[in-house]
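# Architecture and fold: a report
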Amino acid sequence: MNKISSKNQMTTKERWLAAIRKRPLDRLPFWPKIISNAYQKAQSYPFNKMEIDEIIDWIGGDKHIFISPAIVERRSNTSEEITEKSGFKKIRYHTKYGSTENILKYDEGSDSWHPIKMAISNPKEIEIMIAYYSDCKIGLDKKEYEKALDIKRKIGQDAVFVTVIGESPLMDFVEWLAGVQNAHILLNDYKDKVEELFHSMHEVLLTKTKLVSENNPADLFYFIENTSTTLISPEQFLRYPFKHLNEYGKIIKENDGIFIMHMCGHLKSLLKDINHINADAIEAFTSPPVGNTRFIDGKTECPSKCLIGGTNAMLWTKSSNEIISEIEKDLNSLLDHRGIAVTPAGIMPPICKPETIREVCKFVKSYRIRI
């Protein structure tokens, strides 16, 4: 089918919302997913002097703009102490049962923090974190809310606006609180206590989801799940994230929001279950060798979801012709292109030059879609 005529050209926001809702659109959205200053720093002039939005405009991409969830956490009987020094961040959690801490190391190349010491390594530390989460009350941060409104007013239809609510308890536990190996040991040996922790974390997230989806001006509400069967089993996914994500999705939908799940890992054996989660899209849908799914897998096994991604970081280290060839092959395999948006899946690797991304963007924007 021919593309929508130029006189019916959509705005960036209209295009994103049509794709996520699996409706007809003028062309496929393309988001280069440049979201940190690490990308500019790795580029030559003039790109190393440009803002992220300027680079995306030069490339021709359809922008996601992240805005604050505009919430504040308050505690009465516990406290959190954060210190930064020499590239290390220490987060200390103080409760009546004692204290524990996370230590994170800053990586300049990716402009991100990585955990090197986990807060939970034994049953006592589980108790500490149960007390920490059970004491948490969520409120609206009015200054951040006004700031988010102002950003949206200034940019208007030239982007879709996104806010991040959180991460479901199991994935947060595995990635940030206990670490992969220890998380599974603790979940096996102290299941009741870990599930009590999950309950306290979940209660906080339910409150946060309700407050954010009722008040925040974002178009899309994200949970950064990083789901992968390299981290958890399909049975664990059904037991914990599946149930929790459905509850968050129900709240978001009750407030007429759009629920996006960032799931960037191996999903092939989970797709049939993800299809039944009350969410609109999988973002960071990742192809091999980083992930293990292609667009055809998602369209076949998870037809209720918009698929945002379709490539992988390794692909973006290649030439524009090689990248285009693989994207074209995957798009050609589909009967229709409703609910498809092309991105690098993960964050754009700094090794990929803006000129390369621009060539790929031109191809995606000119691809003859079937709607």
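Criteria and thresholds
- Residues numbered from 1 in each chain as written.
- Predicted model: local features only at pLDDT ≥ 70, side-chain atom pairs only at ≥ 80, totals over all residues.
- Heavy atoms only, no water.
- Patch = residues over 30% accessible without salt bridge, like charges linked within 9 Å, V, L, I, M, F, W, Y side chains within 5 Å.
- Areas by Shrake-Rupley, 256 points an atom, 1.4 Å probe, with all protein chains shown as cover.
- Salt bridge = Lys/Arg side-chain N within 4 Å of Asp/Glu carboxyl O.
- Helix = DSSP H or I, 4+ residues; strand = E, 2+ residues; numbered from the N terminus.
- Pairing = 2+ DSSP bridges.
- Axes fitted to C-alpha atoms, helices over the stretch in contact; angles between N-to-C directions.
- Core = buried A, V, L, I, M, F, W, Y, C linked by side-chain atoms within 4.5 Å.
- Buried < 20%, exposed > 50% of the residue type's maximum accessible area, 1.4 Å probe, protein only.
- Contact = heavy atoms within 4.5 Å.
- Phe/Tyr/Trp six-rings, centres within 6.5 Å; stacked < 30°, edge-to-face > 60°.
- Parallel < 35°, antiparallel > 145°, perpendicular 65-115°, else oblique.
- Nonpolar A, V, L, I, M, F, W, Y, C, P; charged D, E, K, R; others polar.
- pLDDT = per-residue confidence, 0-100.
- Arc of directions from axis to C-beta.

## Looking at a nonpolar patch on the surface
A contiguous nonpolar patch, built from I35, F66 and I347 and spanning about 250 Å² of accessible area, is present on the exposed surface. Looking at the secondary structure, you find F66 in strand β1 (residues 64-66).

## Details of the sheet that holds strand β6 (residues 112-117)
The strand order across the open sheet formed by 4 strands is β3-β4-β5-β6, and the pairing between neighbours is antiparallel. In the strand order of this sheet, the two ends are held by β3 (79-85) and β6, each with one partner. Sheet twist, expressed as the mean angle between neighbouring strand axes with direction ignored, is 25°. Bridging between β3 and strand β4 (residues 88-95) involves 7 bridges; their strand directions are antiparallel. Along β4, the bridge assignment pairs K85 with F88.

## What about the sheet that holds strand β8 (residues 160-166)?
Pairing between the strands of a sheet is mediated by backbone hydrogen bonds and can be parallel or antiparallel. The sheet built from 7 strands is open, its strands ordered β1-β8-β9-β10-β11-β12-β13 with parallel pairing. Looking along the sheet, the strands with just one partner apiece sit at the ends: β1 and β13 (340-342). Strand-to-strand twist in this sheet, taken as the mean axis angle between neighbours without regard to direction, amounts to 30°.

## Thoughts on the nonpolar core
In this structure, I120, M129, F173, I282 and W316 are the most contacted members of the largest nonpolar core, which totals 97 residues. By residue number, the principal contributor to this core is helix α8 (residues 191-215), which donates 9 residues. Counting residues in each nonpolar core, the second largest holds 14 residues, with I20, W31, I258 and C306 among its members.

## Concerning the environment of C361
With respect to the secondary-structure elements, C361 resides in helix α14 (residues 354-366). Taking the relative accessible area as the measure of exposure, C361 reaches 1% and is therefore buried. Distance in space between the C-alpha atoms of C361 and P32 is 8.2 Å, their sequence separation being 329 residues. Residues in contact with C361, not counting those within four places in the same chain, are F30, I59, G60 and G61.

## Description of the packing of aromatic side chains
Using the criterion set out here, one finds 13 aromatic pairs in the structure. Ring plane angle 80° and centroid distance 5.2 Å describe the contact between F198 and Y240, whose orientation is recorded as edge-to-face. One end of the pair, F198, is in helix α8; the other, Y240, is in the loop between α9 (234-239) and α10 (241-254), with 42 residues separating them in the sequence. Here F198 and Y240 have matching classes, each one buried. Ring pairing ties together the aromatic residues W16, W31, F66 and Y222, which thus form one cluster.

## A short note on the packing of helix α6 (residues 169-177) against helix α7 (residues 180-189)
Helices that pack against each other are described as a pair by the angle of their axes relative to one another and the distance between those axes. Between α6 and α7, the shortest axis-to-axis distance is 7 Å and the interhelical angle comes to 125°. Judged on the interaxial angle alone, α7 and α6 are oblique. Two secondary-structure elements touch here, α6 through L170, F173 and V174 and α7 through V180, A183, L186 and L187. A class-by-class count of the residues in the contact of α6 with α7 yields 7 nonpolar, no polar and no charged.

## A look at unusual backbone geometry
Between Y45 and P46 the backbone carries a cis peptide bond, its omega angle lying at 5°. Locating P46 in the fold gives a position in the loop between α2 (37-41) and α3 (52-59). With an omega of 10°, the peptide bond running from P288 to P289 counts as cis. Relative to the elements of secondary structure, P289 occurs in the loop between β11 (281-285) and α12 (295-301). Of note in the backbone geometry, S86 takes a positive phi value of approximately 55° without being a glycine.

## So, the confidence of the model for the protein chain
Chain-level statistics for the protein chain give a pLDDT mean of 96 and a share of 98% at 70 or above. Overall, residues 1-7 carries pLDDT values under 50, and its contacts beyond four positions in sequence, including any with other chains, amount to 14 contacts.

## Topic: the pattern of salt bridges
Inspection of the entire model under this criterion finds 25 salt bridges. E127 is the partner of K193 in a salt bridge, and the nearest nitrogen-oxygen pair spans 2.8 Å. With K193 in helix α8 and E127 in helix α4 (residues 123-134), this pair connects stretches of sequence that are 66 residues apart. Taking relative accessible area as the criterion, E127 reaches 24% and is therefore assigned partly exposed. Across the salt bridge formed by E254 and K250, the nearest N and O atoms sit 2.6 Å from each other. A residue pair is termed a helical-turn pair when its members lie 3 or 4 positions apart in one helix, as E254 and K250 do in helix α10 at 4 residues. Its relative accessible area of 51% is what places E254 among the exposed residues. A single salt-bridge network, built from bridges that share partners, covers R15, D26, R27 and D62.

## Details of α7
Turning to α7, its buried residues number three or more, namely A183, L186 and L187. Along the long axis of α7, the arc covered by the buried residues comes to 100°, so they all point the same way. Counted as exposed and oriented over 90 degrees from the buried face of α7: Q181 and N188. The secondary structure elements touched by the buried residues of α7 are α4, α6, α8 and α9.

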